[in-house]
Amino acid sequence: QVHLVESGGGLVQPGGSLRLSCVVSGTIFSIHAMDWYRQAPGKQREWVARLSSIGNTNYADPVKGRFTISRDNAKNTLYLQMNSLKVEDTAVYYCNEGQYGSIWPWGQGTQVTVSS
């Protein structure tokens, strides 16, 4: 069974940066496209970014130009570099498979809080 462990969240001031990590086990990580999602309090989970197995990237409009998705296949790890953070980026962030629509069990997520 695939297991996802997100980490790297925390409390940061507006304009700050964080790098999130997602360690994937139980599958051949390198062959999968990967997504980041987030869920803000009282809102539905929303898609944030996608990285294909061959390195193509896509971003949701609210994060375009500020967030960068990347991966290290040797470490079975997906990253999300978040710069110029805004209060509205506050959410729990999750990763999941990116080609077939979040087919793996969700991890616990990592909380990102942007506040002054």
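Note that the coordinates shown come from a computational prediction; the quantities given were computed from them, not determined experimentally.

Enquirer: For this particular structure, what's the right way to read the nonpolar core?
Expert: General note: in soluble globular proteins, nonpolar side chains tend to be found buried as a group. Counting 28 residues, the largest nonpolar core has Trp36, Leu78, Leu80, Met82 and Tyr93 as the members making the most contacts within it. Going through the elements one at a time, β3 (18-25), β4 (34-39), β5 (46-51), β7 (67-72), β8 (77-82), β9 (91-97) and β10 (110-114) are the ones with two or more residues in this core. At 4 residues, the largest contribution of residues to this core is made by β3. Ignoring anything within four residues of it in the chain, the contact list for Leu78 reads Leu20, Ser21, Cys22, Phe29, Met34, Asp35, Trp36, Leu51, Ile69, Ser70, Arg71 and Cys95.

Enquirer: So what exactly am I meant to see when it comes to the sheet that holds β3 here?
Expert: Sheet strands pair via backbone hydrogen bonds, and the direction of the pair is either parallel or antiparallel. Sheet architecture is open: 4 strands sit in the order β1-β3-β8-β7, paired in antiparallel fashion. The strands lining the two open edges of the sheet, one partner per strand, are β1 (3-7) and β7. Ignoring which end each strand starts from, the neighbouring axes of this sheet average 15° apart. As judged from the 5 bridges shared by β1 and β3, these two strands associate in the antiparallel manner. If you follow Val5 over to β3, its bridge partner there is Val23.

Enquirer: It is not clear to me how the environment of Ala33 should be interpreted in this structure. Could you clarify?
Expert: With respect to the helices and strands, Ala33 occurs in the loop between β3 and β4. Judged by relative accessible area, which is 9%, Ala33 ranks as buried. Once residues lying within four places of it in the same chain are set aside, the contact partners of Ala33 are Leu51, Ser52, Ser53, Arg71, Asn96, Glu97, Gly98 and Gln99.

Enquirer: Even after reading the chapter, I still don't get the pattern of salt bridges, so can you show me in this structure?
Expert: Working definition: two side chains of opposite charge can pair if their charged atoms are close together. Tallied over the entire structure, the rule returns 5 salt bridges. Lys64 is paired through a salt bridge with Asp61; the nearest N and O atoms lie 3.0 Å apart. A relative accessible area of 48% means that Lys64 is categorised as partly exposed. For Asp61, a relative accessible area of 61% gives the class exposed. Members of the salt-bridge network, linked through shared partners, are Arg38, Glu46, Arg66 and Asp89.

Rules and cut-offs
Residues numbered from 1 in each chain as written. Predicted model: local features only at pLDDT ≥ 70, side-chain atom pairs only at ≥ 80, totals over all residues. Heavy atoms only, no water. Core = buried A, V, L, I, M, F, W, Y, C linked by side-chain atoms within 4.5 Å. Buried < 20%, exposed > 50% of the residue type's maximum accessible area, 1.4 Å probe, protein only. Helix = DSSP H or I, 4+ residues; strand = E, 2+ residues; numbered from the N terminus. Contact = heavy atoms within 4.5 Å. Pairing = 2+ DSSP bridges. Axes fitted to C-alpha atoms, helices over the stretch in contact; angles between N-to-C directions. Salt bridge = Lys/Arg side-chain N within 4 Å of Asp/Glu carboxyl O.

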